[in-house]
Amino acid sequence: MVQGVKIAVNNEGVSEIVDVNPATGEVIARVACSTRAQVDDAVAAAKAIQPSWAALELAERAELVRLAIRRIAESGSDALARLITQEMGKTLGEAQAEVADNADMDEYISLVKEANEPEVHGGSVIVRHAHGVVSICAPWNYPVEEIVLLSIPALIAGNAIVVKPSEVVPLSGEFVVSAIKDAAEKEEASPTRPRKKRKGSKNAPPPATDGAPSPTKSRAVGGWFSPLKTSQSRSAVAPSDAP
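Below you will find a few notes about this structure. Keep in mind that this is a model prediction, so the values were computed, not measured. Per chain, the residues get numbers from 1 upward, laid out in the order the sequence is written. It should be noted that, the model being predicted, local features are given only for residues of pLDDT at least 70 and side-chain atom pairs only at 80 or more, the latter also being counted only at that level, while totals for whole chains, interfaces and linings use all residues. Where side-chain values are given, they derive from all heavy atoms of the structure, hydrogens and water being excluded.

Brief notes about the overall build of the protein chain
Move 1: Per the convention used, a helix needs a DSSP run of H or I reaching at least four residues, while a strand needs a run of E reaching at least two, with both numbered from the N terminus. Assigned secondary structure in the protein chain consists of seven helices and seven strands.
Move 2: Note on classification: 1.4 Å probe, protein chains only; a residue is buried when its accessible area is under 20% of the maximum for its type, exposed when over 50%, partly exposed between these limits. The buried share of the protein chain, taken over its 243 residues, is 42%.
Move 3: For accessible areas, the Shrake-Rupley method is used with a probe of radius 1.4 Å. Any residue's cover is judged against the shown protein chains and nothing else. With an accessible surface of roughly 11,500 Å², the protein chain has 53% of that area assigned to carbon and sulfur atoms.

Some words on the packing of aromatic side chains
Move 1: Within 6.5 Å between ring centres, the rings of Phe, Tyr and Trp (the latter by its six-membered ring) count as paired, and their orientation is classed by plane angle as stacked under 30 degrees, edge-to-face over 60, tilted in between. Following the criterion strictly, the structure yields zero aromatic pairs and no others.
Move 2: Comment: the charge-over-ring label is applied if NZ (Lys) or CZ (Arg) is within 6 Å of the ring centre and within 35 degrees of the ring normal. Between the NZ or CZ atom of K90 and the centre of the ring of Y142, over which it lies, the distance is 4.0 Å.

What to know about the packing of helix α2 (residues 58-74) against helix α6 (residues 145-156)
Move 1: Lines are fitted to the C-alpha atoms to define the axes, a helix being fitted only along its stretch in contact, and any angle between axes, read from their N-to-C directions, falls within 0 to 180 degrees. At a minimum axis distance of 9 Å, the contact between α2 and α6 shows a crossing angle of 160°. Taken as axis vectors, α2 and α6 run roughly antiparallel relative to one another. The handedness of the crossing between α2 and α6 comes out as right-handed. In this structure, α2 uses L58, R61, A62, V65, I69 and I72 to contact α6, whose residues at the interface are V148, I152, L155 and I156.
Move 2: Three classes are used: nonpolar for Ala, Val, Leu, Ile, Met, Phe, Trp, Tyr, Cys and Pro, charged for Asp, Glu, Lys and Arg, and polar for all others, with Gly counted as polar. In the contact of α2 with α6, the residues fall into nine nonpolar, no polar and one charged. Every angle not falling under 35 degrees, over 145, or within 65 to 115 is termed oblique; those three ranges are roughly parallel, roughly antiparallel and roughly perpendicular. The sense of a crossing depends on the near helix, which, turned anticlockwise from the far helix by less than a right angle, makes the crossing left-handed and, turned clockwise, makes it right-handed. Whether two residues are in contact is decided by their heavy atoms: any pair within 4.5 Å suffices.

Section: the pattern of salt bridges
Working definition: two side chains of opposite charge can pair if their charged atoms are close together.
Move 1: By salt bridge we mean one thing: a side-chain nitrogen of Lys or Arg within 4 Å of a carboxyl oxygen of Asp or Glu. Enumeration according to the criterion identifies eleven salt bridges in this entry.
Move 2: We note a salt bridge from K90 to E98, for which the minimum N-O separation is 2.7 Å. In terms of burial, K90 and E98 fall into one category: buried.
Move 3: The partner of E167 in a salt bridge is K164, and the shortest N-O contact between them spans 2.9 Å.
Move 4: By relative accessible area, which is 30% here, E167 ends up partly exposed.
Move 5: Each of E63, R66, R70, D104 and D106 takes part in a single network of salt bridges with overlapping partners.

A word on the sheet that holds strand β2 (residues 15-20)
Move 1: Spatially, β1-β2-β3 is the arrangement adopted by the three strands of the open sheet, whose pairing is antiparallel. The open sheet has two edge strands, β1 (6-9) and β3 (27-32), and neither has a second partner. Averaged over all pairs of adjacent strands, the angle between their axes in this sheet comes to 35°, without regard to strand direction. Note: two strands are recorded as paired if DSSP finds a minimum of 2 bridges between them.

Regarding helix α4 (residues 92-103)
Move 1: The terminal C-alpha atoms of α4 lie 17 Å apart, and with twelve residues this matches the ideal 16 Å at 1.5 Å per residue to within 8%.
Move 2: Contact partners of the buried residues in α4: α2, α3 (77-88) and α6. One less than the residue count of a helix, multiplied by 1.5 Å, gives the span that helix is expected to have.

Thoughts on the pairing of strand β7 (residues 160-164)
Move 1: For β7, the tally of buried residues reaches five of five residues, placing the bulk of the element in the interior.
Move 2: Of the two faces of β7, both are covered, the one formed by A160, V162 and K164 as well as the one formed by I161 and V163.
Move 3: Crossover strand β6 (residues 133-137) to β7 through α6 is right-handed. Here, the term right-handed applies to a crossover whose path from the first strand over the helix to the second runs clockwise when the strands point away from the viewer.

Observations concerning the nonpolar core
Move 1: Among the nonpolar cores identified, the biggest contains 35 residues, and V65, I69, I72, V144, I152 and I156 are the most heavily contacted of them.
Move 2: Within the residue set of this core, elements represented by two or more residues are α2, α3, α4, α5 (106-115), α6, β7 and α7 (170-189).
Move 3: Top element by residues in this core is α2. It accounts for seven residues.
Move 4: Setting aside residues up to four positions removed in sequence, I152 forms contacts with V65, I69, M105, Y108, I109 and V112.
Move 5: In plain words, nonpolar cores are sets of buried Ala, Val, Leu, Ile, Met, Phe, Trp, Tyr and Cys residues tied together by side-chain atoms within 4.5 Å. Among the nonpolar cores identified, the runner-up in size contains seven residues, and I17, V31, L83 and L171 belong to it.

Here's what the structure looks like:
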């Protein structure tokens, strides 16, 4: 189903992942590996925006995440399913099921939101604070599901995230993160959506220590949804339309 990962150096001295279709041996793309400095920049960008994300009310964060996750299917579920099949060999039917299952995560999001609500115990109230920046190093076997399942609790809790898709499925991972990010940016730009800051957010404690992502390939993606200040890889060769 899955092949080993080949890293090659191009004529400009840049290390690239050679993304190969395991069924045909065809090179789908050559994906540039980011430098350690680029990884540091991604984490710094996420850290800078995280306080404003955490300052939003819990319900607001959960709703934005819900709408963003739905964007995965709207961005082209069939194209994403075919890309998954090309990169890691999962059958098209299984890939389509994975995309569909993870485009509607309303129940899971509701559970995560509930778990982050303040708890009253006698005369005390337990309030949860975000860690700061969380790294997500996604495995190859569920390119959509693992990013979604790990991103939702981190984002709803008020963290910013840096995502490193698996080097086996870099384009599938980029597709997922880009779809979520684009949807969130559209929601933020909407003049009909008010922003609600959490009460007392000015006095909230500073973020805790950041998670450190793998230096394999991450770069900051611009735009508002810097809780998804996430790692993307840039493809040098367009993927084939063949399954």
